[in-house]
Amino acid sequence: MKLERVEVVHIALPLVTPFRTSFGTMTTKDTFLLHVVTDAAEGWSEFAADPEPLYCSEFVTGAEIVLRDFLLPRVAALPDLTAAAVAPALAKVKGHELAKAALETAVLDAELRAHGMSLATYLGAVRDRVPAGVSVGIKDSVPALLDDVERYLSEGYVRIKLKIEPGWDLHPVRAVRERFGDALPLQVDANTAYTLADAELLRGLDAYGLLLIEEPLEENNLHQHALLQSRIATPVCLDESLHSARDTASAIAMDACRVVNVKPARVGGYLEARRIHDVAHAHGVPAWCGGMLETGIGRAPNLALAALPGFTLPGDTSASSRYFAEDITEPFVLQDGHLPVPRTPGIGTEPLPEALRRFTTARRDLYG
Ligand code: OSB
Ligand code: MG
């Protein structure tokens, strides 16, 4: 393929409910889509990070500049553009995995459309629907949390993840266990909010039979996560600290994690995400597909990934209605606790032009 044109489409979609984590509160999904035009087909992707660098170091304004000035010129210079050629062409640019992932995914969407193949088939999906978990934000009170969890369970979600932070950890977990029972698949996500000095407090979570505790300590500190794992029974799961298959291999070898959260954006795209899946699967380490409150453009390819055999735990791939009253694609609807794996060519969805127009805040040509 040959790259002909690339545009960014900035969008802002109100969330149905504010989403509070240990790093901040989101009320709007504010990001950009990448629209790639090649001589063979067109492709779409969604940049996964936020306007502020609070979950990770990347952010919306910065990513647009990185794409325009450093990533697109390298990809445009490729004599034969394929998705597999994107990461090698970008390897000399340090970091910026989420921006790289957006570019690789849009190219992959175009390439697969040109071949009439779905991303699920390309990645090796073995399921046509995937169980859906839901990530529940920090609330002002335990009764408000219990109401939220009750509503999600009545909608059919098969696993609950509670966001935690110092001051909002043992108490809400105990309340959810007491109300909904020991059989409820339950896990927590601290988004780096604790230190090793909190090990005894975190050990208190062992009493509640959690599936895992996600990213309790600072990003990239595999050593301290391994020390924590040696002191608690709850399996440690890494999110922010895993940027590649190599990181994942190191973390598993060090016993810094016993579960892997795979977010394609965080690791530079679906090709590296597939390799992380393979590393985890080969070690018998359970994996699941994380999320970044994506619109349908980011959600569709995550569902394809989540259908691989090593994704043995339900992911954060929730239905569109958990996030938005109206999405920019056909919505993904929960059915019997599951979401369907898209099976049409490419990522398996595209923006609905009229909805996209209404949620668009700016459009700019980045190339061509
Ligand atoms: O840490 O998994 C996280 C959302 C935004 C940024 C980071 C995270 C999350 C979530 C929600 O937990 C996942 C989702 O429902 O998309
Ligand atoms: Mg997380």
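Cut-offs used in this document
Residues numbered from 1 in each chain as written. Chains lettered and ligands numbered in written order. Predicted model: local features only at pLDDT ≥ 70, side-chain atom pairs only at ≥ 80, totals over all residues. Core = buried A, V, L, I, M, F, W, Y, C linked by C-beta atoms within 7 Å. Buried ≥ 20, exposed ≤ 12 C-beta atoms within 10 Å, placed from the backbone. Domains from an automatic or database assignment. Contact = placed C-beta atoms within 7 Å. Near = placed C-beta within 6 Å. Nonpolar A, V, L, I, M, F, W, Y, C, P; charged D, E, K, R; others polar. Pairing = 2+ DSSP bridges. Helix = DSSP H or I, 4+ residues; strand = E, 2+ residues; numbered from the N terminus. Arc of directions from axis to C-beta. Axes fitted to C-alpha atoms, helices over the stretch in contact; angles between N-to-C directions.

S.K.: Describe in detail the nonpolar core, supporting the description with residues and values.
M.R.: One finds Leu-34, Leu-98, Leu-103 and Val-260 to be the most contacted residues of the largest nonpolar core, which totals 114 residues. Counting only domains with at least three residues in this core, you end up with domain 1 (3-116 + 351-367) and domain 2 (120-340). Apart from the residues within four sequence positions on either side, Leu-98 is in contact with Phe-47, Ala-48, Ala-49, Cys-56, Glu-58, Ala-63, Ala-265 and Arg-266.

S.K.: Hey, could you go over the site of ligand 1 for me, with residue numbers and the actual values?
M.R.: Around ligand 1, a shell composed of Tyr-55, Ser-135, Asp-189, Asn-191, Asp-239, Gly-290, Gly-291, Met-292, Leu-293, Asp-316 and Ser-318 is seen. Grouping the constituent residues of the shell around ligand 1 by class yields 3 nonpolar, 5 polar and 3 charged.

S.K.: Break down the sheet that holds strand S11 (residues 287-289) for me, with residues and values.
M.R.: An order of S5-S6-S7-S8-S9-S10-S11 is seen for the 7 strands of this open sheet, with the pairing classed as parallel. Here the strands that pair on one side only, and so sit at the sheet edges, are strand S5 (133-136) and S11.

S.K.: Any chance you could break down helix H2 (residues 83-90) for me, citing the residues and the numbers?
M.R.: Within H2 the residues assigned to the buried category are Ala-83, Val-86 and Leu-90. End-on view of H2: buried residues confined to an arc of 30 degrees, all on one side of the axis. Opposite the buried face of H2, at more than 90 degrees from it, the exposed residues are Ala-84 and Pro-88. Taken together, the buried residues of H2 touch helix H1 (60-76), helix H3 (97-115) and helix H10 (270-282).

S.K.: An account of the pairing of strand S1 (residues 3-21) is requested, with residue identities and associated values reported.
M.R.: Both faces of the sheet carry side chains from a regular strand, because those side chains alternate between them. Sheet topology places S1 next to strand S2 (residues 24-38); 14 bridges connect them, and they run antiparallel. Bridging across to S2, Leu-3 finds its partner in Thr-38. What sits between the antiparallel neighbours S1 and S2 is a turn of 2 residues. The sheet contact formed by S1 and strand S13 (residues 360-367) spans 6 bridges and is antiparallel. When the sheet's bridge partners are listed, Val-9 is paired in S13 with Arg-363.

S.K.: Residues and numbers for the environment of Thr-360, please.
M.R.: Within the element layout of this structure, Thr-360 appears in strand S13. When sequence neighbours within four positions are dropped, the list of residues in contact with Thr-360 reads Val-9, His-10 and Ile-11.

S.K.: Describe the domain arrangement of the protein chain, and please don't skip the residues or the numbers.
M.R.: Under the domain assignment used here, the protein chain contains domain 1 (3-116 + 351-367) and domain 2 (120-340). The centre of domain 1, based on its C-alpha atoms, is set 23 Å off from the matching centre of domain 2. With 33 residues of domain 1 at the interface, the matching set in domain 2 holds 32 residues. Considering each element in turn, the side of domain 1 that touches domain 2 owes the most residues, 8 residues, to H3. Looking at the side of domain 1 that touches domain 2 residue by residue, the classes come out as 23 nonpolar, 4 polar and 6 charged.

S.K.: Tell me what's going on with the sheet that holds strand S3 (residues 42-46), and back it up with residues and numbers.
M.R.: Taken in spatial order, the 4 strands line up as S3-S2-S1-S13 in an open sheet, and their pairing is antiparallel. Both outer strands of the open sheet, S3 and S13, are each paired with one neighbouring strand and no more. Put simply, the sheet's adjacent strands are angled 20 degrees from each other on average, direction ignored. Pairing analysis gives 5 bridges linking S2 to S3, with the strands arranged antiparallel. In the sheet register, His-35 faces S3, and the bridge partner there is Trp-44. This element, H1, spans S1, S2 and S13 of the sheet and lies at about 25 degrees to S13.

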